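Each chain, letter by letter, is given below.
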Amino acid sequence: MSLRQFEYALAVAEEGSVTAAAERLRVAQPSVSQQIRGLERELGVELFSRTPTGLVATAVGRAFLREAEVAVSAARKARATARAGADELVGELVVAAQMGFGTRQLPGALDVLRRRFPRLEVTVFEEPSSAELERLCRRGVLDLALMAACEQTPDDAHRLGDEEFVVVLGPGDRRLAADRVGLRELDGEAWVRFDRDSALDGVLLGVLRDNGLTPSTAARVSQTATAVRWAAHGLGAALVPASAVPQGHEHLVRPVFPAVSQPVIAVLRQGAGPGETALLDLLRRETWTASAPFAPVS
């Protein structure tokens, strides 16, 4: 088995077809097919099943791919460490952000990082689930994770600041006339909520529980921008981090009282290299606790 075969198998799993995987890898389709067949012969198992919608990993294939992901990630880190010079960073940096947190701060830090180290390839993705982020951190798949502090926060986590949460209301809502909206004023409100395993939905449930309010679900979404837009159309209220509010919706947003905020942390992989350290330093320089610029409607 080779790392190339691992990379090909991961690409096929992510793309759902050999053709799409070959295009992404910039290799010929027969090469990908041959490598996958050779890998299955060597392992003595079938890694993928054909379905009407494309190739899907089998149960044993999913188990194999989890380990392959770790191996490929470790190899990339090893190459990056070996090639890193004193004044230049090369290689790949894999960053995950918990959905809704650091929406404003992370792009600014990454922009500076990439201009400073143009040969450093940075891959960023959002992950709504706290449990999945913790699993990826433990397995060493991520170089840096940006997330809300929780009960399982590692002892070596780096505190960056706090994300203030705000409520999004529909046009013409009388509560928009105030500087802040009291949580008690939201009693009986229907909510645009997030997926059940999302940290953002956990924040809403905690806020409602602590204030003696009963959750009422108008809809569930998987993205903060969607939650804001649907709340802006009057479907229901949404509770989101202030930095995640898309431009053009500020007039429909208000902080709440008592104030709701979540500590934001950065978790680095064990034996973090210079790329992760540089990004952490840039994130610390970002503004995390500034008040949200939301003015009442006159």
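Residues numbered from 1 in each chain as written. Predicted model: local features only at pLDDT ≥ 70, side-chain atom pairs only at ≥ 80, totals over all residues. Heavy atoms only, no water.

Colleague: How should helix α3 (residues 29-43) be read in this particular structure?
Modeller: Helical periodicity: at 3.6 residues per turn, an α-helix aligns residues three or four positions apart in one direction. In this model α3 runs 21 Å from its N-terminal to its C-terminal C-alpha over 15 residues, within 8% of the 21 Å that 1.5 Å per residue would give. Positioned one or two residues after α3, Gly-44 has a phi angle of 75°, which is positive. (Helix = DSSP H or I, 4+ residues; strand = E, 2+ residues; numbered from the N terminus. Expected span 1.5 Å × (residues − 1).)

Colleague: Got a minute to help me understand the pairing of strand β9 (residues 216-221) in this structure?
Modeller: Working note: regular strand, side chains alternate between the two faces of the sheet. Examined bridge by bridge, strand β8 (residues 190-194) and β9 share 5 bridges and lie parallel to one another. Its bridge partner lying in β9, Trp-191 is registered against Thr-217. (Pairing = 2+ DSSP bridges.)

Colleague: Can you help me understand the pairing of strand β3 (residues 91-98) in this one?
Modeller: Of all 8 residues in β3, 7 are buried, a share of seventy percent or more. Across 8 bridges, the pairing between β3 and strand β4 (residues 120-127) is parallel. For Gly-91, the partnering residue across the bridge sits in β4 and is Leu-120. Regarding the hand of the β-α-β motif, the stretch spanning β3, helix α5 (residues 105-116) and β4 is right-handed. As defined by bridge partners, β3 adjoins strand β5 (residues 144-148) across 3 bridges and the pair is classed as parallel. Paired with Ala-96 across the strands is Ala-145, a residue of β5. (Buried < 20%, exposed > 50% of the residue type's maximum accessible area, 1.4 Å probe, protein only. Right-handed = clockwise from strand over helix to strand, strands pointing away.)

Colleague: Just checking my understanding: could you explain the packing of aromatic side chains for this structure?
Modeller: Within a pair of aromatic rings, the relevant descriptors are the distance that separates the centres and the angle that separates the planes. Tallied over the full model, the rule gives 2 aromatic pairs. Taken together, a centroid distance of 6.1 Å and an interplanar angle of 65° make the contact between Phe-101 and Phe-165 edge-to-face. With Phe-101 in the loop between β3 and α5 and Phe-165 in strand β6 (residues 158-168), the pair connects residues that are 64 residues apart, well separated along the chain. The same class applies to Phe-101 and to Phe-165, which are both buried. (Phe/Tyr/Trp six-rings, centres within 6.5 Å; stacked < 30°, edge-to-face > 60°.)

Colleague: I keep staring at unusual backbone geometry and nothing clicks. Help me out?
Modeller: The phi angle of most residues is negative, glycine excepted, and most peptide bonds adopt the trans form. Omega for the peptide link from Phe-257 to Pro-258 comes to -5°, which places this bond in the cis form. Mapped onto the fold, Pro-258 is located in the loop between β11 (253-257) and β12 (261-268).

Colleague: Would you mind showing me how to read the packing of helix α2 (residues 18-25) against α3 here?
Modeller: Pairs of packed helices are described in terms of their axes, by the angle between the two and the distance that separates them. The contact between α2 and α3 brings their axes to 8 Å, and the two run at 115°. When the axes of α2 and α3 are compared, the pair comes out roughly perpendicular. Crossing of α2 against α3: the hand is right-handed. Each of Val-18, Thr-19, Ala-22 and Leu-25 in α2 lies in contact with α3, whose residues at this interface are Gln-29, Val-32 and Ser-33. Here the contact of α2 with α3 is composed, by residue class, of 4 nonpolar, 3 polar and no charged. (Axes fitted to C-alpha atoms, helices over the stretch in contact; angles between N-to-C directions. Parallel < 35°, antiparallel > 145°, perpendicular 65-115°, else oblique. Left-handed = near helix turned anticlockwise from the far one by under 90°. Contact = heavy atoms within 4.5 Å. Nonpolar A, V, L, I, M, F, W, Y, C, P; charged D, E, K, R; others polar.)

Colleague: Would you explain helix α7 (residues 199-210) in this entry?
Modeller: Between the first and last C-alpha of α7 there are 16 Å, a value that for 12 residues agrees with the 16 Å anticipated at 1.5 Å per step. For α7, every residue scored as buried is listed here: Ala-199, Leu-200, Asp-201, Val-203, Leu-204, Gly-206, Val-207 and Leu-208. Sitting at the head of α7, Ser-198 places a side-chain oxygen 3.1 Å from the backbone nitrogen of Leu-200. Two residues or fewer past α7, Gly-212 is found with a positive phi of approximately 65°. (Polar contact = N/O pair within 3.5 Å; in protein donor to acceptor, adjacent residues only side chain to side chain.)

Colleague: Explanation requested: the pattern of salt bridges in the structure shown.
Modeller: Should the charged atoms of two oppositely charged side chains come close, the side chains can pair. Using the criterion set out here, one finds 14 salt bridges in the structure. The shortest N-O distance in the salt bridge between Arg-180 and Glu-164 comes to 3.3 Å. Taken together, the residues Arg-180 in the loop between β6 and β7 (181-182) and Glu-164 in strand β6 connect sequence positions 16 residues apart. One salt bridge in this structure joins Arg-285 and Asp-281, with 2.7 Å as the shortest N-O distance. Linking Arg-285 with Asp-281, this pair stays in helix α9 (residues 274-285), spanning 4 residues, or about one helical turn. (Salt bridge = Lys/Arg side-chain N within 4 Å of Asp/Glu carboxyl O.)

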